[in-house]
Each structure stands twice: as structure tokens, then as C-alpha cells.
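# Working through the structure, step by step
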Amino acid sequence: MRAWSRRLLFAVACVTPAVRAAEPERPLPPALWLTYSGKLSPVAPNKGDERAFRIHYVCRAAGTGYELAWVLDELSGSPAWPWPHRFGAMRADGSLHVTAPQEAPAVQGSLDGTVRVVSLRSPLYESADRLRAKAEWDEGKAHYDVVGREEMARRRCWKVTVSANLGLKAVDWVDERQPVVVRHEEVTFLGQGVPHELSLELEQAKTMSADELARRLAHHARLVALRGPAPERSTEPTAASPVPATSELLDKSRSALADIQKDKDAGPFARLARDIVKEVEASLEQQGSLEHLAASAVGKPANEFTLPLARGGKLSLAALKGKPIVLHFWEYHAEPLTAPYGETGYLDFLKRKYANQDVHIVGIAVDERLRDETTRPAARKDVRAFCEFMNLSYPVAFDETGAIREFGDPRKAGAKLPLYVLIAPDGKVVAHHAGVWSKTGDEGLKELDERLSKLRP
């Protein structure tokens, strides 16, 4: 039996019999402040990094249900969310089931370059009216068992196990008097099925006055005004903030920080506002550096280079002249399989779309191991494995001479690959784009496609 299964089963078995009758259940107050500490940890040692976080909720009655505004403090671990993903709001209906899960809080778990979004359960326990001794029920594919009562965080709690087809999945401790989760433990899998344990424990539960509620909701509203609608989450480690950094945004974020800091109890809202200012400042500085790199390359003839190809032969830039060229500098690693590997699929689609050879699309593998004769064979093997895995139809070359430096390596400006260099038929660079292109399932790399269309004869 796996270690995490044994631990959860042991936790279920160790149920303290109730020595006192439970007090009558009471409803949630109109306004409640909840704070949880959380961890996402590998079950086995040396199978990933632990990350720690804290999540804060403003819960208020709204009609027959509740509205929950939340803020996430990331304390350790990586990758970190860009600031727009570190707060949000969701709604729970009369039975406390979340009705807007797309904006529920989540953390990222990373293992061997693969990132997974791990959602956090709601702090309000749904269907609390079912909680009684030996009760059990099914919801969807999950089976729930009330296995007894136990004290947790100085609260008398119902202990509830959640099982699925593969066995025990989670354990919840729920306050006997209020439908509030006091502790939550579950097992989730990262990478190649590596088990991690997610835990949440209630640190603070406080009934808020009308003034406290108004102030905290006002702070949250200031953050929403900076961000706009909740963005879609990306699992790519290279993903930039979905809200572009501008000087106007910097001014607004500084103003929001100044206002929020006037409240000595602003806590997580003030911390997030400070982080927003820092992230926007850093992004603007990086943008300036990238713009300088682009300006140094765009409008000038592309420097000639010759590189070996993954499938044999040589790539000569001069031989491609006369047709539009897309150079995609990236770390073509097979192990770990690193995002944004899906973007190579869109590039492959463009290659097939322009199969009449009106356009040249070339991948260039950037890997420091290629520059050293002793590590070059392993790097080449890694690149070839990736190309075979993705069944790429466009050629991929090995950058063994540092050709990326001739175009302006974005990593020198603190940015990450990929780097796209778009070259016109006359041999001049017309675009220098660091980072992933925006893409959709229906339109692919639309902006790149449009630029290519304008260059075609």
C-alpha cells in the first residue's frame, strides 16, 4: 500500500469518540473572515518541492447563498502566479455548493518542468445538513462517509472521508456548529503520477462588523479595478501576466497601494498591492530592455549563420533568402518536457499550411550543452526525441555557435524563451518577439500568421 494511502487511512482510523453531545448547529454569520494555511508537499522525499501558502476569504451572505472574495499569499515554492491570479471571487448557493468555480483559488504544482493547477476546496462545507453520525452519500463519482467526531484546531468537528474509484481521496474536518471546513487533506498527482498531499488548516475565523466587511470589500474592489475580469489560468511556466504592464497601470497600482495602506488591518490586500507595484515596475523595465533589443535587430539584414540540423545536413540562412523566414529559438527539451511545447504544434500547423514553400519555418534549439563537445551528444539526443514526440514537420537546428546572440537574446533582459525572429524575403529582420504568441484553439498563432501573410509574395 502506498505511503500516502496508509497515512490517510491511519488518520481515518484515529477518530476520537465524542464525549460531549454536539451543540445545535447554527447558521453562518452574515459576514465572516476566514484564513487558512496550506501546503502542497510530495509524499515521497526528493519527488518535488514543497510549497506553502495562505488563503484569506471575505464571506458575506448574498440572497440565499454566499459570496466569497479571496486573496492568496504565496509563501514559498514555485512557479508563482502573476498578480492577476492571486485574488478573485466566487459564489456559493443555498446549499453552499460553489456556482462559479472558474474563479476559485488555486496553486501551481511543478514537477520535472510540468506544471499543474491544483484547485483549493471551498472553505464552506456543502450539504452540511447531511452531517450526522454514520451518514454516507454519493455526489457525482465521489462517495462520502461521516466516520465520527474529532477535535481539530480546538474545535469539535465531523470527520468526513471522500472516496473515488481509486480509493480514499480526501478527508475533511467540518465544524460541528457551523458548515466551515477546519482542515482538509487530499492527494493529487503531479508529473508522471507522482502523489502530492494538499492540506488546508483553519488559522482564523472571525465574524466581521459591517465596517470591517465594507473596508475589506473596498480593498478587493480596488484590486479588481486594476485587473478587470478574471483571466484564464495558464500552466506554462513562461506565462507572463495576462494584464499588460503600462505606465498608466503603474500609476493606478501605486494609488491603490497608498489607499489600502491607510487601513492598518489591510493585511493580505496591502501585501498584494505592494507586489502589484513591484511586478508592474519590473515588467516595464524588462519591456524597455526588450524594446531596445528589438530596435537593434529590426530593419537590419539578418546575420548569416550555418547550423547542423537535427535530422542531418546543414541549415544556411543565406539559402533560405527570397521567402519569409520564421526563426523559433527555444529550448527543445524532451526531458523534462517543458512548456510551451504545445506552441510547437501551432508552428507545425503553419508549416503544413504553407506547404508550397512560400514560407520557411525553422526551429533552433538553444541549449548550453550544445556548446560543449562532451555534453553535445546528450543535448542532440534530447532535441531529436522532442521532435519525434511532437512529429514536427519543420526543421530544427542545433545552435552550437550562439546564433541567438546575433539577434538579441531576450534572456539578457531577464525574459524567457522562446524568441521569434521574422525575416522578410529581402533578408531584413521585420519582427523580434520574445515570449509566446497569443493563441487560441480555433485560430492558432493568429498574429504571427497575419504577419507572414503580409510578407508572402
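To be clear, the structure that these remarks concern was listed above.
Here's a quick rundown of the structure. (Residues numbered from 1 in each chain as written. Predicted model: local features only at pLDDT ≥ 70, side-chain atom pairs only at ≥ 80, totals over all residues. Heavy atoms only, no water.)

### Considering the sheet that holds strand β3 (residues 65-76)
Spatial strand order, β4-β3-β2-β1-β12-β11-β10-β9-β8-β7: 10 strands in an open sheet with antiparallel pairing. Since the sheet does not close on itself, it has two edges, and those belong to β4 (87-92) and β7 (136-139), each with one partner. Geometrically, the sheet is characterised by an average inter-axis angle of 25° between neighbouring strands, direction not taken into account. Two elements, strand β9 (residues 155-164) and strand β10 (residues 167-175), share 8 bridges in a ladder whose sense is antiparallel. (Pairing = 2+ DSSP bridges. Helix = DSSP H or I, 4+ residues; strand = E, 2+ residues; numbered from the N terminus. Axes fitted to C-alpha atoms, helices over the stretch in contact; angles between N-to-C directions.)

### Quick notes on the packing of aromatic side chains
Using the criterion set out here, one finds 10 aromatic pairs in the structure. Pairing Trp 137 with Tyr 144 gives two aromatic rings, centres 5.2 Å apart and planes at 5°, and the pair type is stacked. Judged by its relative accessible area of 8%, Trp 137 falls in the buried class. Note on Tyr 144: relative accessible area 11%, which makes it buried. Three or more aromatic residues joined by ring pairs form one cluster here, namely Phe 305, Phe 329 and Phe 407. (Phe/Tyr/Trp six-rings, centres within 6.5 Å; stacked < 30°, edge-to-face > 60°. Buried < 20%, exposed > 50% of the residue type's maximum accessible area, 1.4 Å probe, protein only.)

### Some points on helix α3 (residues 247-260)
Two residues of an α-helix separated by three or four positions point the same way, owing to the 3.6 residues in each turn. Across its 14 residues, α3 extends 20 Å between first and last C-alpha, which sits within 8% of the 20 Å expected from 1.5 Å per residue. Listing the buried residues of α3 in full gives Leu 249, Leu 250, Ser 253, Ala 256, Leu 257 and Ile 260. Relative to the axis of α3, the buried residues are bounded by an arc of 130° and lie together on one face. Considering only its buried residues, α3 is in contact with α2 (210-227) and α4 (268-297). (Expected span 1.5 Å × (residues − 1). Arc of directions from axis to C-beta. Contact = heavy atoms within 4.5 Å.)

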